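# Breakdown of the fold
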Amino acid sequence: MTLAKPFLSDNAAAVHPKVWEAMRSADQPDNPYDGDALSKELDARFTALFGRECAALWVATGTAANCLALATMCQPHGGVVCHSEAHIEVDEGGAPGFYLHGAKLMLADGEGAKLTPANLAALIDPIRDDVHQVQPHAIAITQASEYGRSYRPDELAALGDFAKQRKLGLHMDGARFANAAAFLGGSAEQAARAASGPVDSLAFGFIKNGGMGAEAVVLFNPEAAMQVRYRRKRAGHLQCKGRYLAAQILAMLDDDLWLANAAHANAAAQEVAAGCGDRLLHPVEANELFVRLSEPERAALRTQDFAFYDWGAEAARFVTAWNTKADDAQALGKAIAAL
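Below or above, wherever it landed, is the structure these notes cover. Given the structure is predicted, the values throughout are model-derived calculations rather than measurements.

Quick notes on the rules
- Residues numbered from 1 in each chain as written.
- Predicted model: local features only at pLDDT ≥ 70, side-chain atom pairs only at ≥ 80, totals over all residues.
- Heavy atoms only, no water.
- Helix = DSSP H or I, 4+ residues; strand = E, 2+ residues; numbered from the N terminus.
- Buried < 20%, exposed > 50% of the residue type's maximum accessible area, 1.4 Å probe, protein only.
- Lys, Arg positive; Asp, Glu negative; His and termini not counted.
- Salt bridge = Lys/Arg side-chain N within 4 Å of Asp/Glu carboxyl O.
- Contact = heavy atoms within 4.5 Å.
- Pairing = 2+ DSSP bridges.
- Axes fitted to C-alpha atoms, helices over the stretch in contact; angles between N-to-C directions.
- Core = buried A, V, L, I, M, F, W, Y, C linked by side-chain atoms within 4.5 Å.
- Expected span 1.5 Å × (residues − 1).

Another point: unusual backbone geometry. Omega for the peptide link from Gln143 to Ala144 comes to -10°, which places this bond in the cis form. Its identity is not glycine, yet Tyr33 carries a phi of approximately 60°, on the positive side. For Tyr33, the position within the fold is in the loop between α1 (17–25) and α2 (37–50). Accessibility expressed as a relative area gives 37% for Tyr33, which makes it partly exposed. In this structure, Asp256 takes a positive phi of about 60° despite not being glycine. Since its relative accessible area comes to 32%, Asp256 is described here as partly exposed.

Now the structure itself:
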């Protein structure tokens, strides 16, 4: 089924032509697994982008990227603190518990699905330091958050300080990292560094932003890379033709395509937001909109061929993408304004 005016998810967007071109160019003999020339470029490319030494490994899904990174920080008897609406809690089918061999997700609250040191302290401080209670080993945050909210550099710095004081790892689920970076602005390097802050690891999302089937696990502690390599193989994510995944990622990094694609999606979201007024449930700081709409109003939009997900009984979620047509975004904004 072809979606006439698609706002279901950026997962549903087409693959960027430059990604297909890069995969075709990689279609020649090279070393298998991650021994190929393209995979060997990743560490240097991400180190240059973030301005600090890192190791970068490809995987096929964001779920694997999150879980493999968290497994380097959390022992099976420990816990990962995350928001109660975090993707790793709500939408990953128990994968963190599987990859972390039973480690617990410890749920905190926070406005806009974002965490603060105060939220974290409220959850962590009552935990006794004894074997009868699960001890936190790591913190996981999402950039942009599950409600499309972007962490600012000062917020990330505060979380980094908290994690350091408590001797906790700090991981970032960056499924829409590019959208947050584009929202924060600046050159690719400035935006990437502002959006990542002092995190220890990042699941850098490409699939929602024009990729086909590759995400990057970025480890700012390169010593953790070997552990992830072993875990990646054990988890069934070491693909024998890894050059095709590396090709996708490098194509997105070339000429800052990752940032340009995200900026387009963000601009389309602002076009829609212009017609939403006080229906917006959250500020639009990336490419997702959460809009208060009754069931009849949602039905009316669907009769105009707009595709989107319901968000509970009285709201809807709209997601723009790198290839959202300006006419479609403007039409949706006007259609919502006219309800």
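Back to the text.
Below, the discussion takes up the side chain of Glu215. Residue position: Glu215 is located in strand β8 (residues 215–219). Among buried charged residues, Glu215 stands out as having no salt bridge; its nearest opposite-charge side chain is Lys208, 6.9 Å away. Leave out the neighbours within four places in its chain, and Glu215 touches Leu57, Trp58, Val59, Ala60, Thr61, Gly62, Phe204, Gly205, Phe206, Ile207 and Ile249.

Strand order across the open sheet formed by seven strands is β2-β8-β7-β6-β5-β3-β4, with mixed pairing between neighbours. A single partner strand is all that each edge strand has here, and the edge strands are β2 (55–59) and β4 (104–108). Averaged over all neighbouring strand pairs, the angle between strand axes comes to 25°, with direction disregarded. The pairing of strand β3 (residues 78–83) with β4 spans five bridges and is parallel. Across the sheet, the residue bridging to His83 is Ala108, located in β4.

A few words on the sheet that holds strand β9 (residues 288–292). The antiparallel open sheet is built from three strands, whose spatial order is β9-β12-β11. Each edge of the sheet is formed by a strand with only one pairing partner; in this case those strands are β9 and β11 (309–310). Pairing of β9 with strand β12 (residues 315–319) involves five bridges; the strand directions are antiparallel. Directly across from Arg292, in β12, lies its bridge partner Ala315.

Okay, the pairing of strand β7 (residues 201–204) next. Neither face of β7 is open: one carries Ser201 and Ala203, the other Leu202 and Phe204, and all of them are buried. Alignment of strand β6 (residues 169–174) against β7, held across four bridges, turns out to be parallel. Bridge pairing in β7 links Met172 to Leu202.

If you look at the biggest cluster of nonpolar residues, it comprises 57 residues, and the most contacted ones within it are Phe46, Phe50, Phe204 and Trp258. With residues up to four places along the chain from it excluded, the contact list for Phe46 reads Cys54, Ala56, Phe204, Phe206, Ala216, Val218, Ile249 and Leu253. Membership of the second largest hydrophobic core comes to 28 residues, among which are Ala95, Tyr99, Ala103 and Ala203.

On to the pairing of β2. Extensive coverage of β2 is indicated by the burial of five of its five residues. Side chains Ala55, Leu57 and Val59 of β2 all project onto a buried face; the interleaved residues Ala56 and Trp58 project onto the opposite face, where all are buried too. Sheet analysis places β2 next to β8, joined by five bridges and oriented antiparallel. Residue pairing for β8: Leu57 is matched across the bridge by Val217.

Moving on, we get to helix α12 (residues 257–273). Across its 17 residues, α12 extends 24 Å between first and last C-alpha, which sits within 8% of the 24 Å expected from 1.5 Å per residue. Among the residues of α12, Leu257, Trp258, Leu259, Asn261, Ala262, Ala265, Asn266, Ala268, Ala269, Val272 and Ala273 are the ones counted as buried.

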